[in-house]
Number of protein chains: 2
Amino acid sequence: MSASVRTRMRPDQRREQLLAIGRGMLADRGLEELSIDLLAVEAGVSKGLLYHYFPNKQAFHTAVVRSAAEDLFAMTAPREPMDPREQLRASMAAYVDYVEHHLTGYLSLVRAASGGNEELRGVYEEGRAALVDRVFESVGTEGAHELGLTGSPAQRLAASGWSAMCERVTLEWASQRPRSLTREQLLDYLAGSLPALLAVAP
Amino acid sequence: MSASVRTRMRPDQRREQLLAIGRGMLADRGLEELSIDLLAVEAGVSKGLLYHYFPNKQAFHTAVVRSAAEDLFAMTAPREPMDPREQLRASMAAYVDYVEHHLTGYLSLVRAASGGNEELRGVYEEGRAALVDRVFESVGTEGAHELGLTGSPAQRLAASGWSAMCERVTLEWASQRPRSLTREQLLDYLAGSLPALLAVAP
């Protein structure tokens, strides 16, 4: 990309470009390795310009993680028209693929979010809550009835636990060599476990 | 306790006493608040003596967390003679009570272990693996058959996910005001969810 093309970008386009590069860097790097220096090299722009968008490394990390969470939320959105079990399986497929293709970054993100960083934890918790809430968006429809979804407080607690289970199982599976399950078996399990858990929720 | 009684302690007894005080401090304090200074006050001994047992704060934290993990493992041990479902429920009851009575400390421990501290993460992962392995100790018995336990790699992955689910659900439940489930309902759910998940594991 030539300098003249770059300078024609609007600020919102430039910011989106930088975040996209940041998200891509997370594929095979941990959050702790993402620096403004590295971003400048990858984006082919000056550090001075980057500091215009992200005042410091922490602000850059938070923005990248927030934008990755939005990406993940969009990628795992239910696709119409589909039977509710198929929808759930398609969402889990998008989730598993995301984790598999961003394993180093995702692991470092989970660790940073669970660790001392309050701001990252906030972004992570929000993203997780949005994914859990979406499970219950269909309450009242025939599909929700078929899955046994009522949206009761007990079911919401169970679904929150289910999301922690999915994260653990997917991260462990993605790190296994050789893998104990095929991708199809993993997806069957993740999608099948939600109705199984709701069935035993009080 | 008088100084003369204290000085009669053997080194292993003294160390155990200090760890017990450390574990107790975790009930309503986070790991980051546990200092050698505070331990000296609570134990009523000099800081000099403490540095004999724990060269620095990090070593003290690791020792306290390791000893808390051993405590939790012992407390949640299956009790004979009991039907396997009752055993599982009794283990979960001990786990829930432990988390409830050490909520601040347990939360801070999970965060420290998931965060950047490699040594604490090691202790935490080991403790978790031991709890998951124990689920499969009974494989081959009639009780294990009744729960559907085979010990296959797929089941071990599912049980690891189940343990993450139990941790999340218990921590969320213990933090709720008002609580969405009674303690009995929570225990029914946690104990009932393992066979439910094993039933859908490939």
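Every value quoted in this text rests on a predicted model; they were computed, and no experiment measured them.

S.K.: Before we go on, may I ask you to explain the overall build of chain A in this structure?
M.R.: Helix and strand counts for chain A come out as eleven helices and zero strands. Counting only C-alpha atoms and orienting by the principal axes, one finds that chain A spans roughly 55 × 35 × 30 Å. In chain A, buried positions account for 50% of the 202 residues. Counting only contacts in chain A whose residues sit at least 6 apart along the sequence, the fraction spanning at least 24 positions is 63%. Of the roughly 9500 Å² of accessible surface on chain A, 55% is carried by carbon and sulfur atoms. For chain A, the centre of its 22 positive side-chain charges and the centre of its 26 negative side-chain charges are spaced 6 Å apart.

S.K.: Just to check I follow, could you spell out the pattern of salt bridges for this structure?
M.R.: Oppositely charged side chains can pair when the atoms bearing their charge come close. Residues and elements named next belong to chain A. Considering all chains together, one arrives at 29 salt bridges over all chains under this definition. Linking Arg183 and Asp97 is a salt bridge whose minimum nitrogen-to-oxygen distance equals 2.9 Å. Residue Arg183 is located in helix H11 (residues 183-200), and its partner Asp97 is located in helix H6 (residues 84-101); the two are separated by 86 residues in the primary sequence. A relative accessible area of 30% means that Arg183 is categorised as partly exposed. Linked through salt bridges whose partners overlap, the residues forming this network are Arg89, Asp97, Arg183, Glu184 and Asp188.

S.K.: Even after reading the chapter, I still don't get the relation of the copies chain B and chain A, so can you show me in this structure?
M.R.: Comparison of the two chain copies shows a relationship of rotation about an axis with a shift along it. Its rotation angle being 180°, the transformation that places chain B on chain A also includes 0.0 Å of axial translation and leaves an RMSD of 0.0 Å. Here the copies are linked by what is in effect a two-fold axis.

S.K.: How do you make sense of the interface of chain B and chain A when you look at a structure like this?
M.R.: Reports often express the size of an interface as the amount of accessible area lost when the parts come together. In this assembly, 32 residues from chain B lie in contact with 32 residues from chain A. Summed over both partners, the interface of chain B with chain A buries about 2600 Å², with 68% contributed by carbon and sulfur atoms. Area buried by chain B at its contact with chain A is led by B:Leu157, B:Arg168 and B:Tyr189, which between them contribute 26% of it. Between the two partners, chain B and chain A, sit zero salt bridges.

S.K.: Got a minute to help me understand the side chain of A:Arg121 in this structure?
M.R.: Residue and element names in this part refer to chain A. In this fold, Arg121 is placed in helix H8 (residues 118-135). For Arg121, a relative accessible area of 8% gives the class buried. Here Glu118 takes part through its side chain, which lies 2.9 Å from a polar atom of the side chain of Arg121.

S.K.: Quick question: what am I supposed to make of helix H10 (residues 153-175) of chain B here?
M.R.: Here H10(B) contains 23 residues, and its C-alpha end-to-end distance of 34 Å stays within 8% of the 33 Å for a straight helix at 1.5 Å per residue. Counting buried positions over the 23 residues of H10(B) gives 19, a clear majority of the element.

S.K.: Would you mind going over the packing of aromatic side chains with me for this structure?
M.R.: To describe a pair of aromatic rings, one takes the distance between the centres and the angle between the planes. If you walk through the whole model with that rule in mind, you get six aromatic pairs over all chains. The interplanar angle of 50° and the centroid separation of 5.3 Å between the aromatic rings of A:Phe54 and A:Phe60 together place this pair among those described as tilted. In this structure, A:Phe54 and A:Phe60 share a single accessibility class: buried. Through a chain of ring-to-ring contacts, the aromatic side chains of A:Tyr95, A:Tyr98 and A:Tyr106 assemble into a single cluster. Above the plane of the ring of B:Phe73 lies B:Arg134, whose end atom (NZ or CZ) is 4.2 Å from the centre. The side chain of B:Arg179 reaches across the aromatic face of B:Trp173, ending 4.1 Å from its centre.

S.K.: How should the environment of B:Glu137 be read in this particular structure?
M.R.: Mapped onto the secondary structure, B:Glu137 falls in the loop between helix H8 (118-135) and helix H9 (142-147). Owing to a relative accessible area of 60%, B:Glu137 belongs among the exposed residues under this scheme.

S.K.: Honestly, the packing of helix H7 (residues 103-114) of chain B against H10(B) in this entry has me stumped. Any pointers?
M.R.: How two helices sit against one another is set out by the angle between their axes and by the gap between those axes. Residue and element names in this part refer to chain B. Interaxial distance between H7 and H10 falls to 11 Å at its minimum, and their mutual angle equals 140°. For the element pair H7 / H10, the angle class is oblique. Crossing handedness for the pair H7 and H10: left-handed. Contacts from Leu103, Tyr106, Leu107 and Val110 of H7 reach H10 at Glu167, Leu171, Ala174 and Ser175. Classifying every residue of the contact of H7 with H10 by side-chain character gives six nonpolar, one polar and one charged.

Rules of the game
- Residues numbered from 1 in each chain as written.
- Chains lettered and ligands numbered in written order.
- Predicted model: local features only at pLDDT ≥ 70, side-chain atom pairs only at ≥ 80, totals over all residues.
- Heavy atoms only, no water.
- Helix = DSSP H or I, 4+ residues; strand = E, 2+ residues; numbered from the N terminus.
- Buried < 20%, exposed > 50% of the residue type's maximum accessible area, 1.4 Å probe, protein only.
- Contact = heavy atoms within 4.5 Å.
- Areas by Shrake-Rupley, 256 points an atom, 1.4 Å probe, with all protein chains shown as cover.
- Lys, Arg positive; Asp, Glu negative; His and termini not counted.
- Charge placed at Lys NZ, Arg CZ, Asp CG, Glu CD.
- Salt bridge = Lys/Arg side-chain N within 4 Å of Asp/Glu carboxyl O.
- Least-squares fit on C-alpha atoms with pLDDT ≥ 70 in both.
- Buried area = accessible area lost by both parts, 1.4 Å probe.
- Polar contact = N/O pair within 3.5 Å; in protein donor to acceptor, adjacent residues only side chain to side chain.
- Expected span 1.5 Å × (residues − 1).
- Phe/Tyr/Trp six-rings, centres within 6.5 Å; stacked < 30°, edge-to-face > 60°.
- Lys NZ or Arg CZ within 6 Å of the ring centre and 35° of its normal.
- Axes fitted to C-alpha atoms, helices over the stretch in contact; angles between N-to-C directions.
- Parallel < 35°, antiparallel > 145°, perpendicular 65-115°, else oblique.
- Left-handed = near helix turned anticlockwise from the far one by under 90°.
- Nonpolar A, V, L, I, M, F, W, Y, C, P; charged D, E, K, R; others polar.

Geometric values such as these leave the question of function open.
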